[in-house]
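# Structural overview for review
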Amino acid sequence: MTSWVVRPSVEADWTAYRAIRLEMLEDTPIAFLETLAAARTHPDEHWRRRAANTSPRSRLFAAVAPDGRWLGTMGGFHASGSPDPHLVGVYVTPAARGREQGVTDALLDAVVDWARPRSGRLLLEVHEHNAAAIHYYERRGFAFTGRTQPYPLDRTALELEMAADL
């Protein structure tokens, strides 16, 4: 039995969301399209809006400890005009990582459940040097599509597209 739950975020979660977002940007800066310095400048309203989870085209999920602290987060985003939704904002705090913990799988399951009625597959982009993430995604059935693009924060590196059938 776990002592945490996975659920969609709500506006009242904004301080927990801000805390984990700053942690994730410090822990794995190559995994996100924002720098820690930039994130630290956002006003409280930015964090409230992001945590509110009110867009019909996106959903943010959190693994939440009994004390309200977020152990991890993953989101789904379905861009207008795109046939397939994307997995975004993937992060699990180091103490909650690992298959035996179950946090990462539970978060991904929540995003897959959200994405399944929207499409037959889920896409993601992963930094070419993020070996741990690539290994996890492959274990969960994602495969490289062959599509790449320059990583926006370092145009000498690539983001690799992966997809999984739902």
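What you are looking at is a predicted structure, and each value in this text was computed from that prediction instead of being measured.

The subject of this paragraph is helix H1 (residues 14-27). Relative to the 20 Å expected for 14 residues at 1.5 Å per residue, H1 spans 20 Å between its end C-alpha atoms, a close match to the ideal helical length. Of all the positions in H1, only Trp14, Ala16, Tyr17, Ile20, Arg21, Met24 and Leu25 are classed as buried. Summarising the axial view, the buried residues of H1 lie within an arc of 160 degrees, below the 170-degree limit, and thus occupy one face. Contact partners of the buried residues in H1: helix H2 (36-40), helix H3 (44-52), strand S2 (58-64), strand S3 (70-77) and strand S4 (86-92).

Right, let's talk about unusual backbone geometry for a bit. Positioned with a positive phi, Asn53 is a non-glycine residue whose angle comes to about 60 degrees. Note that Asn53 resides in the loop between H3 and S2.

To continue, consider the packing of H1 against H3. With their axes 8 Å apart at the nearest point, H1 and H3 run at an angle of 100 degrees to one another. Our classification of the angle between H1 and H3 gives roughly perpendicular. The segment H1 lies against H3, with Trp14, Tyr17, Arg18 and Arg21 engaging Asp44, Trp47, Arg48, Arg50 and Ala51. Along the lines of polarity and charge, the residues of the contact of H1 with H3 split into four nonpolar, no polar and five charged.

With the rule as written, the count across this model stands at eleven salt bridges. Between Asp67 and Arg69 there is a salt bridge whose closest N-O contact spans 3.6 Å. With a shortest N-O distance of 3.8 Å, Arg147 and Glu161 are connected by a salt bridge. Separated by 14 residues along the polypeptide, Arg147 in strand S6 (residues 143-151) and Glu161 in strand S7 (residues 154-165) bring together distant segments of the chain. Three or more residues joined by partner-sharing salt bridges are found here, namely Asp105, Asp109, Arg139 and Arg140.

Parameters at a glance
Residues numbered from 1 in each chain as written. Predicted model: local features only at pLDDT ≥ 70, side-chain atom pairs only at ≥ 80, totals over all residues. Heavy atoms only, no water. Helix = DSSP H or I, 4+ residues; strand = E, 2+ residues; numbered from the N terminus. Expected span 1.5 Å × (residues − 1). Buried < 20%, exposed > 50% of the residue type's maximum accessible area, 1.4 Å probe, protein only. Arc of directions from axis to C-beta. Contact = heavy atoms within 4.5 Å. Axes fitted to C-alpha atoms, helices over the stretch in contact; angles between N-to-C directions. Parallel < 35°, antiparallel > 145°, perpendicular 65-115°, else oblique. Nonpolar A, V, L, I, M, F, W, Y, C, P; charged D, E, K, R; others polar. Salt bridge = Lys/Arg side-chain N within 4 Å of Asp/Glu carboxyl O.

Function cannot be inferred from these measures alone, as they are strictly geometric.
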